[in-house]
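Per-entry structural report
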Amino acid sequence: MVKAVVGANWGDEGKGKITDTLANEADIVIRFQGGANAGHTIVNEYGKFALHTMPSGVFHQNIMNIVGNGMAFDIDKFLQELDDITSKGVPTPQLMISDRVQVMMPYHVQFDSLEEARLAGKSFGSTKSGIAPFYADKFAKIGWQINEFYQDDDVLMEKIDRIADQKDVLLEHLYHTDPIDRKGLLAWIKERRDRVKPYLGNVSLYLDKAIHEGKTILLEGQLGTMKDPDHGIYPMVTSSSPLAGYGAIGAGIPPYEIRQIVVVSKAYSSAVGAGEFVSEVFGDEAVALRNHGGDGGEYGATTGRPRRVGWYDCVASKYGCRLQGCTDVAFTVLDDLGYLDEIPVCVAYELDGKQITEFPVTKDLKRCKPVYKVFKGWKCDIRGIRRFEDLPQEAQDYVNFIEGQIGYPITMVSNGPGRDDIIYRKSPLKK
């Protein structure tokens, strides 16, 4: 059975923890899109980790962890993460890298940084990880599938020259910097190809066999619906699709094999980077929510930047769940709201004097204002509770109301950072 774990909102919902938890009953975990531009934070018996390139199943020794063909594969960060987790006592995980995955090249990262600097105040809030230049090259057909690294020097140099002839025009005349070091790039390729060669494999064939053997496969998404280049807050989006439907492409499996889609949505809202965010709060209110949020505060796992924060947005979350094809909602960080006397929930938008409950296109989103319903807080620590019925009534009311607003079953409630801090809930919406 294939399950997907994906985000309903702007990312940072807690997908890493949910994937790590569900991995207890999985055989394979695969990252199917994105790259090192977002991190999945996991807390377990080995410590606290922020994974950027590795699947979140690497802490389970019986699981095969796969870098799928849809990823932007950063070799150096992959190797750094492997060294990091094993240096902290984590047994060396089972790993496989698709022989069709494309590689993040040094010039991708360079172009990302140069373009953000050029745009200055009109930048996209990029993590400068090379993502947009990488995917631009992939679809312009000048990317590098990793299997291409294993060719003779003259073949590699021919492609390097062809790419550099294009890139150097921009580097020298738009960005006013040095051209690509072509021989240096060849050396970079040759040095890294040997280090990752033991992990390469035919992933789509491996997964096809696993499906026929009845194994459980988790597709691990990055970011969330609002960052999808088609259905998100374009143009302030990422460059690959974080929707579960893309999991079939980014992993190499038939779409009909994805039977369960767990959509992760946190109990309040947060976002890193620019873009429309209707329920965002500011000032002291934002500082308090940011510092109480997450595990140690709402700060980007990749950049360390303070995340933008706001109240739960039912309009955006309902839309996000619908686009993902949600079968189950994992509702995270409920425990972080225990300090509040009152908790606002965004139930609608006001657009040009009218209330709407369906998520609009970006040009209209800019004019939307939040409409709130305020709930009484529970004012206590709810960590350690394992039954939904044992939560304070105010916390139950909060979850029940949001479930009714978004229209999708909340079957998991996370009330702490650890793997076992999960409440499994029977939803009246679950068929």
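So, here's what we can say about the structure. Sequence order sets the numbering: in each chain, residues are counted from 1 along the sequence as written. Residue-level local features of this predicted model are given only where pLDDT is at least 70; pairs of side-chain atoms are given and counted only at 80 or more, and the full residue set underlies all totals for whole chains, interfaces and linings. Calculated side-chain values reflect all of the structure's heavy atoms, with hydrogen atoms and water omitted.

Here we look at the overall build of the protein
Let me state the cut-off plainly: Each helix is a run of H or I in the DSSP string that is no shorter than four residues. Each strand is a run of E no shorter than two, and both are numbered from the N terminus. Just to be clear, the radius of gyration here is over C-alpha atoms, and the globule rule we use is 2.2 Å times residues to the power 0.38. The contact rule is simple, with two residues in contact once any of their heavy atoms fall within 4.5 Å. Charge assignment: positive for Lys and Arg, negative for Asp and Glu; neither His nor the chain ends contribute. Note that the charge is assigned to NZ on lysines, CZ on arginines, CG on aspartates and CD on glutamates.
When helices and strands are tallied, the protein shows 12 helices and 20 strands. Taking 2.2 N^0.38 as the reference for a compact globule, 431 residues should give roughly 22 Å; the C-alpha atoms of the protein span a radius of gyration of 22 Å, in line with that estimate. For the protein, the spread of C-alpha atoms along the three principal axes comes to 70 × 50 × 40 Å. For the protein, the proportion of contacts with a sequence separation of at least 24, taken over those separated by at least 6, is 75%. In the protein, which carries 50 positive and 59 negative side-chain charges, the distance between the mean positions of the two groups comes to 3 Å.

Considerations on the packing of helix α3 (residues 106–119) against helix α4 (residues 131–139)
Packed helices, taken two at a time, are described by the angle between their axes plus the distance between the axes. Keep this limit in mind: Inter-axis angles, ranging from 0 to 180 degrees, are taken between N-to-C directions of lines fitted to C-alpha atoms, where helices are fitted over the stretch in contact. Oblique is the label for any angle not under 35 degrees, not over 145, and not in the 65 to 115 range, which are roughly parallel, roughly antiparallel and roughly perpendicular in turn. The handedness criterion is simple: a crossing whose near helix is rotated anticlockwise from the far helix by less than a right angle is left-handed, and one whose near helix is rotated clockwise is right-handed.
Where α3 contacts α4, the two axes come as close as 7 Å, and the packing angle between them is 120°. In terms of axis orientation, α3 runs oblique to α4. Pair α3 / α4 crosses with right-handed handedness. Between α3 and α4, the residues in contact are Tyr107, His108, Phe111 and Asp112 and Ile131, Pro133, Phe134 and Asp137, respectively.

Brief notes about α4
Note the following rule: Residue exposure (1.4 Å probe, protein chains only): buried if accessible area is under 20% of the type maximum, exposed if over 50%, otherwise partly exposed.
For α4, the full list of buried residues reads Ile131, Pro133, Phe134, Tyr135, Asp137 and Lys138. On the buried face of α4, the contacting elements are β6 (72–73), β8 (102–103), α3 and α5 (153–173). Phi turns positive one or two residues past the end of α4, at Lys141, with a value near 65°.

A short note on helix α9 (residues 283–292)
Our working rule: Starting at the helix axis, one direction is taken to each C-beta atom, and the arc is that of these directions.
Along α9, the residues classified as buried are Ala286, Leu289 and Arg290. The arc that holds the buried residues of α9, viewed along the axis, is 100°, so those residues lie on one side. Check the buried side of α9 and you find it contacts β13 (308–310). The positive-phi residue at the C-terminal boundary of α9 is Gly294, with phi of around 60°.

With respect to the nonpolar core
Rule in force here: In plain words, nonpolar cores are sets of buried Ala, Val, Leu, Ile, Met, Phe, Trp, Tyr and Cys residues tied together by side-chain atoms within 4.5 Å.
Within the largest apolar cluster, 62 residues are counted, with the highest numbers of intra-cluster contacts made by Leu219, Leu334, Tyr398 and Ile402. Sorting elements by how many residues they give to this core places helix α12 (residues 393–406) first, with 6 residues. Listed in part, the 39 residues of the second largest apolar core include Phe49, Val67, Phe78 and Ile142.

A few points about the sheet that holds strand β7 (residues 94–98)
Rule in force here: Paired strands are those between which DSSP finds at least two bridges.
Read from one edge of the open sheet, 10 strands run β9-β7-β5-β2-β10-β1-β11-β15-β19-β20, paired in mixed fashion. Strands with a single pairing partner mark the edges of an open sheet, and in this sheet they are β9 (200–201) and β20 (422–424). Where strand β1 (residues 2–7) meets strand β11 (residues 258–266), 6 bridges bridge the pair, whose relative direction is parallel. Following the sheet pairing, Ala4 is matched in β11 by Ile261.

With respect to the layout of surface pockets
The line we're drawing: We place a 1 Å grid over just the protein atoms. Points where a 1.4 Å probe fits but has no way out form a cavity, open points with protein on both sides within 12 Å along at least 5 of 7 lines form a pocket, and any residue with an atom within 4 Å of a point lines it. Grid points are joined across faces, edges and corners, and a volume is the space filled by probe spheres set on the points.
Taken as a whole, the second largest pocket encloses approximately 150 Å³ of empty space. As for the second largest pocket, its lining consists of Lys3, Thr21, Leu22, Asn24, Glu25, Gln260, Val262, Asp328, Thr411, Met412 and Tyr424. Listing elements by their share of the lining of the second largest pocket, those giving two or more residues are α1 (15–22), β11 and β19 (410–414).

Here's the deal with the pattern of salt bridges
In plain terms, the rule: The salt bridge definition used is simple: a Lys or Arg side-chain nitrogen within 4 Å of an Asp or Glu carboxyl oxygen.
By the definition in use, this model includes 30 salt bridges. Of the charged contacts, one joins Asp153 and Lys190 as a salt bridge, the two residues approaching to 3.0 Å between their closest N and O atoms. Residue Asp153 is located in helix α5, and its partner Lys190 is located in helix α6 (residues 182–196); the two are separated by 37 residues in the primary sequence. In this structure Lys190 comes out as partly exposed when scored by relative accessible area, which is 30%. With a shortest N-O distance of 3.6 Å, Arg162 and Glu158 are connected by a salt bridge. Residue Arg162 and its partner Glu158 are both found in helix α5; the two are separated by 4 residues, about one turn of the helix. A relative accessible area of 38% means that Arg162 is categorised as partly exposed. What emerges from the salt-bridge pattern is a single network uniting Asp12, Lys266, Glu298 and Arg307.

Describing the environment of Glu342
By the secondary structure assignment, Glu342 is in strand β16 (residues 342–351). Linking Glu342 and Phe375, residues 33 residues apart in sequence, is a C-alpha distance of 5.5 Å. For Glu342, the residues in contact, after removing those within four places along its chain, are Val374, Phe375 and Gly377.

A look at the environment of Gly325
Along the chain, the position of Gly325 falls in the loop between α10 (314–324) and β15 (328–332). Note on Gly325: relative accessible area 34%, which makes it partly exposed. Residues Gly325 and Ala244, 81 residues apart in the sequence, show an inter-C-alpha distance of 7.4 Å.

Some words on unusual backbone geometry
The peptide bond linking Tyr234 to Pro235 adopts the cis configuration, its omega dihedral lying at 10°. Position of Pro235 among the secondary structure elements: in the loop between β10 (217–220) and α8 (247–251). For Asp12, which is not glycine, the phi torsion reads 65° and is therefore positive. Looking at where Asp12 falls in the secondary structure, it is placed in the loop between β1 and α1. Not every positive phi belongs to a glycine, and His176 is a case in point at roughly 55°. Within the secondary structure, His176 is located in the loop between α5 and α6.

Some details on the pairing of strand β3 (residues 40–44)
Only one face of β3 is covered, namely the face carrying His40, Ile42 and Asn44; the face carrying Thr41 and Val43 is uncovered. Pairing of β3 with strand β4 (residues 47–51) involves 5 bridges; the strand directions are antiparallel. When the bridges of β4 are listed, Ile42 appears paired with Phe49. The antiparallel pairing of β3 with β4 creates a hairpin that spans 2 residues between the two strands.

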